[in-house]
Amino acid sequence: MESEKLSNIIRRRRSVRVYKSGKVTDKQLEMILEAARWAPSGANTQPWELVVTRDRAKMRRVRQIYDNEWKQRKKEDPVHYKGLKKDYVGDVSALVLVCGDPRTMQVYLTTRQPGDREKLFHASVANAVEHMMLMAASMGLGTVWVSVRQEVEPELRELFQVPQPLRLLWIVPIGHAQSWPKAKPRRKTSDFVHQEVYNPKKLRADSEIRPWPKG
Ligand SMILES: Cc1cc2nc3c(=O)[nH]c(=O)nc-3n(C[C@H](O)[C@H](O)[C@H](O)COP(=O)(O)O)c2cc1C
């Protein structure tokens, strides 16, 4: 059944952070990018812009940019900073820099509040990312959703020659997993689904949220 196949792909997808060599073929990449094309977006604005590279030298530079940020943060707060190194951005078959065009927010004519427009914008681009990841997972390929923080944004913008006013949002490496990671724990459906009205008994205490999702 189609739905079972889709369910299996959804469950199989993992954030892959260690890759081995092996090419993502042009055909595979094309299908992954085509999947982004079909993502739903607010008012069909399709705000995504994807910069794709297979250039190893560029990837090494991306890794260096992330590494410098990591070192800087560690230097500022050696005790508390727990960020993990993002070596995986430099060592894959293909890297997709996911950008968004914020001018598309003008299309949301009936949405008056800037915060509401931002929500539509980010959710729309995020859908394209998830579509790509699921398509990659269906091919047995690994991906991981990598945040572009403000600290690394200017250097990445320069490297990939992304013009203003586009926003650099995420990076998605695509490649062959060294090993397929185990599933991270998930909340039970019944813990976050509320029938008819929100069940206040399910509202998590602050203490339950902070340690999540360790493991
Ligand atoms: C918006 C968003 C940003 C993320 N940023 C990062 C990131 O910067 N680095 C990283 O390694 N993983 C990042 N992740 C991946 C999550 O850590 C991961 O999806 C989560 O731990 C669940 O694991 P799974 O994807 O293997 O199921 C991000 C995920 C999302 C949805």
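What counts and how
Residues numbered from 1 in each chain as written. Predicted model: local features only at pLDDT ≥ 70, side-chain atom pairs only at ≥ 80, totals over all residues. Heavy atoms only, no water. Near = heavy atom within 4 Å. Polar contact = N/O pair within 3.5 Å; in protein donor to acceptor, adjacent residues only side chain to side chain. Areas by Shrake-Rupley, 256 points an atom, 1.4 Å probe, with all protein chains shown as cover. Buried < 20%, exposed > 50% of the residue type's maximum accessible area, 1.4 Å probe, protein only. Helix = DSSP H or I, 4+ residues; strand = E, 2+ residues; numbered from the N terminus. Pairing = 2+ DSSP bridges. Core = buried A, V, L, I, M, F, W, Y, C linked by side-chain atoms within 4.5 Å. Contact = heavy atoms within 4.5 Å. Phe/Tyr/Trp six-rings, centres within 6.5 Å; stacked < 30°, edge-to-face > 60°. Lys NZ or Arg CZ within 6 Å of the ring centre and 35° of its normal.

Asker: Which residues make up the site of the ligand, and what values do they have?
Answerer: What surrounds the ligand is the set R13, R14, S15, R17, K86, Y88, V144, W145, V146, S147, K184 and R186. Side-chain polar atom of S15 to an oxygen atom of the ligand: 2.6 Å apart, as the coordinates give it. Between an oxygen atom of the ligand and a side-chain N or O atom of R186, the distance comes to 2.8 Å. In isolation the ligand offers 610 Å² of accessible surface; the protein chains occlude 68% of this area.

Asker: Report on the pairing of strand β6 (residues 167–177), specifying residues and quantitative values.
Answerer: Within β6, nine of the 11 residues are buried, which leaves it mostly tucked inside the rest of the structure. Across two bridges, strand β1 (residues 19–20) lies against β6 in antiparallel orientation. Across the sheet, K20 pairs through a bridge with H176, a residue of β6. For strand β5 (residues 146–147) and β6, the ladder comprises two bridges, and the chain directions are antiparallel. Residue pairing for β6: S147 is matched across the bridge by W170.

Asker: Summarise the nonpolar core; cite the residues concerned and give the values.
Answerer: In terms of nonpolar packing, the biggest core is built from 24 residues, with V98, V125, W170, V172 and I174 touching the most fellow members. Mapped onto this core, the elements with two or more residues apiece are α2 (26–37), β3 (94–100), α4 (114–138) and β6. Examining the composition of this core, we find that eight residues originate from one element, α4, more than from any other. In contact with V98, not counting residues within four places along its chain, are E49, L50, V125, V129, M132, R167, L168, L169, W170 and V172.

Asker: Residue-level account of the packing of aromatic side chains, with values.
Answerer: Inspection of every chain in the model, using the stated rule, returns one aromatic pair. Aromatic side chains W145 and W170 sit 5.4 Å apart centroid to centroid with 80° between the ring planes, which places their arrangement in the edge-to-face category. Of this pair, W145 sits in the loop between β4 (142–143) and β5 while W170 is found in strand β6, placing the two residues 25 residues apart along the sequence. W145 sits in the partly exposed class, given a relative accessible area of 30%. The ring of W70 has K85 sitting right over it, with the charged end atom 5.2 Å from the ring centre.

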